[in-house]
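Architecture at a glance
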Amino acid sequence: MRLRHIAKAMPIIEQSEFVEHDPAAWKGRWKERFGNDRPLHIEVGMGKGRFITTMAEQNPEIDYIGIERADAVLYRALQKQQELKLPNLILLLADADNIEEYFAENEVDRIYLNFSDPWPKAHHAKRRLTSGTHMDKYANILKPEGCICFKTDNRDLFDYSLEAVQEAGWSISDLTYDLHHSEYAEGNVMTEYEERFSGMGNPICRAVFRHTEGPES
Ligand code: SAM
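First, a word on what this report is: a plain description of the structure on this page. (Residues numbered from 1 in each chain as written. Predicted model: local features only at pLDDT ≥ 70, side-chain atom pairs only at ≥ 80, totals over all residues. Heavy atoms only, no water.)

**Examining the layout of surface pockets**
Taken as a whole, the second largest pocket spans an internal volume of roughly 350 Å³. Tyr 112, Cys 149, Gly 187, Asn 188 and Arg 206 are, among the 22 residues lining the second largest pocket, the residues nearest its centre. Secondary structure elements with two or more residues in the lining of the second largest pocket: helix H3 (50-58), strand S4 (108-114), strand S5 (142-152) and strand S7 (205-211). With four residues, S5 is the largest single contributor of residues to the lining of the second largest pocket. (1 Å grid on protein atoms, 1.4 Å probe; cavity = no way out; pocket = protein on both sides within 12 Å on 5 of 7 lines; lining within 4 Å. Points joined across faces, edges and corners; volume = space filled by probe spheres on them. Helix = DSSP H or I, 4+ residues; strand = E, 2+ residues; numbered from the N terminus.)

As structure tokens, then:
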């Protein structure tokens with residue numbers, strides 16, 4: 001997601017109570033940070049935050065953390081949270097490559113990956129958020145019964161991801177190549193990218209990944 005530089009973004013982010021500025025300090029203690037014992041769902045690459053703010057609004061019994069590395073983009077999500085003031089949503093200006101610094105083993109119940117950057121060039125495959133390296137990191141922070149919900153309109157990224165996650169020892173379920181016309185459409189919360197690309201007529205692919213003991217044969 002490309003946005004023009006927003007000069008005021010960083011000072012506002014830095015002073016915001018809705019952003020956790022030292023996420024590593026809360027590793028293994030997010031329940032304490034939220035002050036409750038609710039399940040923890042995170043979105044990696046939340047963009048402008050429509051998905052996670054809507055989810056947090058609809059599901060007050062779940063705690064949410066939105067992770068975004070671009071300040072100008074996170075700023076848009078922060079503007080939404082400044083209006084909503086949802087007690088069950090915290091934003092992190094952080095790179096998901098370091099996700100194990102922020103969450104302990106078995107701390108997270110669910111991870112959302114929505115319209116992750118496709119990195120189409122083969123030599124950039126390791127940067128894709130569904131690469132084996134990233135999936136290994138998610139496996140370390142997810143509870144054994146936890147899952148990853150992935151959606152994208154990019155068929156190449158989707159096909160790559162289905163292969164990559166199985167190689168990394170994950171099973172695939174709830175798969176559809178046309179989410180909006182599938183049995184999974186009900187209750188689907190659209191992201192900013194999803195609205196844009198489905199509006200252009202692109203079908204949305206979606207699947208759920210669960211970690212298994214070892215790589216599938
Ligand atoms: N999920 C949003 C949506 O569906 O509208 C945004 C999709 S946009 C294509 C991908 C977002 O992921 C960008 O805002 C980008 O900055 C963020 N991103 C990519 N890699 C990331 C990483 N390693 N850590 C945190 N955010 C990342």
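On we go from here.
**Points about the sheet that holds S7**
Strand-to-strand pairing in sheets goes through backbone hydrogen bonds, with the strands running parallel or antiparallel. Here seven strands make up an open sheet; going across it, the order is S3-S2-S1-S4-S5-S7-S6 and the pairing mixed. Only two strands of the sheet have a single neighbouring strand rather than two, namely strand S3 (89-93) and strand S6 (170-176). On average, each strand axis in the sheet is inclined to that of its neighbour by 20 degrees, with strand direction left out of account. In this fold H3 packs onto strand S1 (40-44), strand S2 (63-68), S3, S4 and S5, with an angle of close to 175 degrees to the strand it touches most, S2. (Pairing = 2+ DSSP bridges. Axes fitted to C-alpha atoms, helices over the stretch in contact; angles between N-to-C directions. Contact = heavy atoms within 4.5 Å.)

**Looking at the packing of aromatic side chains**
Per the stated rule, a full pass over the model turns up six aromatic pairs. Ring centres of Phe 51 and Tyr 112 lie 4.9 Å apart, and the angle between their planes is 65 degrees; on these two criteria the pair is classed as edge-to-face. On the criterion of sequence distance, the pair formed by Phe 51 in helix H3 and Tyr 112 in strand S4 is long-range, its members being 61 residues apart. Each member of the pair, Phe 51 as well as Tyr 112, is classed as buried. The interplanar angle of 55 degrees and the centroid separation of 5.5 Å between the aromatic rings of Tyr 193 and Phe 197 together place this pair among those described as tilted. (Phe/Tyr/Trp six-rings, centres within 6.5 Å; stacked < 30°, edge-to-face > 60°. Buried < 20%, exposed > 50% of the residue type's maximum accessible area, 1.4 Å probe, protein only.)

**Some points on the site of the ligand**
Around the ligand, the surrounding shell holds 20 residues, and the nearest of these are Gly 45, Glu 68, Ala 96, Asn 114 and Thr 191. The backbone of Glu 192 places a nitrogen or oxygen atom 3.4 Å from an oxygen atom of the ligand. Residue composition of the shell around the ligand, by class: nine nonpolar, four polar and seven charged. (Near = heavy atom within 4 Å. Polar contact = N/O pair within 3.5 Å; in protein donor to acceptor, adjacent residues only side chain to side chain. Nonpolar A, V, L, I, M, F, W, Y, C, P; charged D, E, K, R; others polar.)

**With respect to the nonpolar core**
Counting 34 residues, the largest nonpolar core has Ile 42, Val 44, Ile 65, Phe 103, Ile 111, Tyr 138 and Trp 170 as its most contacted members. Those residues in contact with Phe 103 that sit more than four places away from it in its chain are Lys 27, Trp 30, Leu 40, Ile 42, Ile 65, Ile 67, Leu 92, Val 108 and Ile 141. Counting 25 residues, the second-largest nonpolar core is a separate cluster that includes Ala 9, Met 46, Met 55 and Leu 86. (Core = buried A, V, L, I, M, F, W, Y, C linked by side-chain atoms within 4.5 Å.)

**Details of the pattern of salt bridges**
As enumerated under the stated definition, the model contains ten salt bridges in all. Lys 151 is the partner of Glu 194 in a salt bridge, and the nearest nitrogen-oxygen pair spans 2.7 Å. Of this pair, Glu 194 sits in helix H8 (residues 192-199) while Lys 151 sits in strand S5, and the two are 43 residues apart along the sequence. Overall, the relative accessible area of 4% leaves Lys 151 in the buried class. (Salt bridge = Lys/Arg side-chain N within 4 Å of Asp/Glu carboxyl O.)

Take it as geometry only, folks, not as evidence of what the structure does.
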